[in-house]
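Understanding the architecture of this molecule
Read off the chains here:
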Amino acid sequence: GVVIAMENHGGITETADSLIEIVEKIGSPWFRINLDLGNYRGSIYREIEKTTPYAVHIHAKIRAGDMILDYKKIKEILLSKGYNGFLSIEYEEKEDPKTGVPKFAKYLFEIFG
């Protein structure tokens, strides 16, 4: 009953297509994706959309590279793909996490709450 999740984090998991190929080659419902919203580059929202059906957990970040992520758009993607799991905050900003994390959590609650 334990799901193993592989994260999109560069290398062989840099693109949604390569990550999905690995998941499909494994061919097990117990091997899925830990989707890190801040780790894709290029067509970020398209990559998120492709990956979401395989996701069992999602890391929410404020940005992907230099781009601030649009969580209204991300919410639409997640709902359209049937995601009903957790978002965990992975905070990597310069602002002190003692103030930055509560602000980001409040923002996510405004979007998803």
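Further remarks concern a nonpolar patch on the surface. Nonpolar side chains collect at one region of the surface, where Val3, Trp30 and Val56 lie side by side and expose about 250 Å² of accessible area between them. By the secondary structure assignment, Val56 is in strand 3 (residues 55–60). Assessed through its relative accessible area of 36%, Val56 is described here as partly exposed.

Note: strand 1 (residues 4–7) against strand 2 (residues 31–36), four bridges, orientation parallel. Bridging from a neighbouring strand, Met6 pairs with Ile33 of strand 2. You can see the chain leave strand 1, run along helix 1 (residues 16–26) and come back into strand 2, and the turn it takes is right-handed.

This brings us to the nonpolar core. Ranked by internal contacts, the top residues of the largest apolar core, which has 27 residues, are Leu35, Leu37, Ile48, Leu69, Tyr71 and Ile74. Apart from the residues lying within four places of it in its own chain, the contact partners of Ile74 are Leu37, Tyr45, Ile48 and Leu69.

Conventions adopted
- Residues numbered from 1 in each chain as written.
- Predicted model: local features only at pLDDT ≥ 70, side-chain atom pairs only at ≥ 80, totals over all residues.
- Heavy atoms only, no water.
- Patch = residues over 30% accessible without salt bridge, like charges linked within 9 Å, V, L, I, M, F, W, Y side chains within 5 Å.
- Areas by Shrake-Rupley, 256 points an atom, 1.4 Å probe, with all protein chains shown as cover.
- Salt bridge = Lys/Arg side-chain N within 4 Å of Asp/Glu carboxyl O.
- Helix = DSSP H or I, 4+ residues; strand = E, 2+ residues; numbered from the N terminus.
- Buried < 20%, exposed > 50% of the residue type's maximum accessible area, 1.4 Å probe, protein only.
- Pairing = 2+ DSSP bridges.
- Right-handed = clockwise from strand over helix to strand, strands pointing away.
- Core = buried A, V, L, I, M, F, W, Y, C linked by side-chain atoms within 4.5 Å.
- Contact = heavy atoms within 4.5 Å.

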